[in-house]
Structure formats: C-alpha cells, structure tokens
Amino acid sequence: MLAIVAAVVFALALLFDLADVASDAINNGTLTVLGLLLISLHFAGVGTSTNWRPRRYSRRR
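### Brief notes about the packing of helix 1 (residues 2-19) against helix 2 (residues 28-44)
One can describe the packing of helix 1 onto helix 2 by two numbers: an axis separation of 8 Å at closest approach and a directional angle of 165°. The angle between the axes of helix 1 and helix 2 places the two elements in the roughly antiparallel class. The handedness of the crossing between helix 1 and helix 2 is left-handed. For the pair helix 1 and helix 2, the contacting residues are Leu2, Ala3, Val5, Ala6, Val9, Phe10, Leu12, Ala13, Phe16 and Asp17 in the first and Asn28, Leu31, Thr32, Leu34, Gly35, Leu36, Leu38, Ile39, Leu41 and His42 in the second. Of the residues belonging to the contact of helix 1 with helix 2, the class tally is 15 nonpolar, four polar and one charged.

Here it is, written out as structure tokens:
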C-alpha cells in the first residue's frame, strides 16, 4: 500500500515539475523526499498485511 502511495507522490512531483508549480510549503524536493520515505517504509515491511496470530493446525480425522 505504501508503494502505491509513493508512486502517486512521485507522479504529483512529476506533474508539478512539468507544470512548473512552486510554493513555499510543497515543492518537488519535498515530494521526492516524501516518496523516498514511503518507499523505504514499504521495504522495511511497514504497512504489510501480515498475520501476527499463531496459526492452529488441526488434524483432520
């Protein structure tokens, strides 16, 4: 999920760069750093859908 959000952020950064949009709070550098942060969190395993409960294996009779 974080990788998809990072892709959207990178797409916004590209659109802002192509349209030459600049503001003080959000610029291309900020969006790039945010995208890299989201990608690194995705690689670290944050936001993955893992099941932390132990599985009980039942024997069929």
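Additional details are given in the paragraphs that follow.
### A look at the environment of Thr32
Its place among the elements puts Thr32 in helix 2. Along the sequence, Thr32 and Ala6 sit 26 residues apart, while their C-alpha atoms lie 9.0 Å from each other. With residues up to four places along the chain from it excluded, the contact list for Thr32 reads Phe10 and Ala13.

Reading guide: rules and limits
- Residues numbered from 1 in each chain as written.
- Predicted model: local features only at pLDDT ≥ 70, side-chain atom pairs only at ≥ 80, totals over all residues.
- Heavy atoms only, no water.
- Axes fitted to C-alpha atoms, helices over the stretch in contact; angles between N-to-C directions.
- Helix = DSSP H or I, 4+ residues; strand = E, 2+ residues; numbered from the N terminus.
- Parallel < 35°, antiparallel > 145°, perpendicular 65-115°, else oblique.
- Left-handed = near helix turned anticlockwise from the far one by under 90°.
- Contact = heavy atoms within 4.5 Å.
- Nonpolar A, V, L, I, M, F, W, Y, C, P; charged D, E, K, R; others polar.

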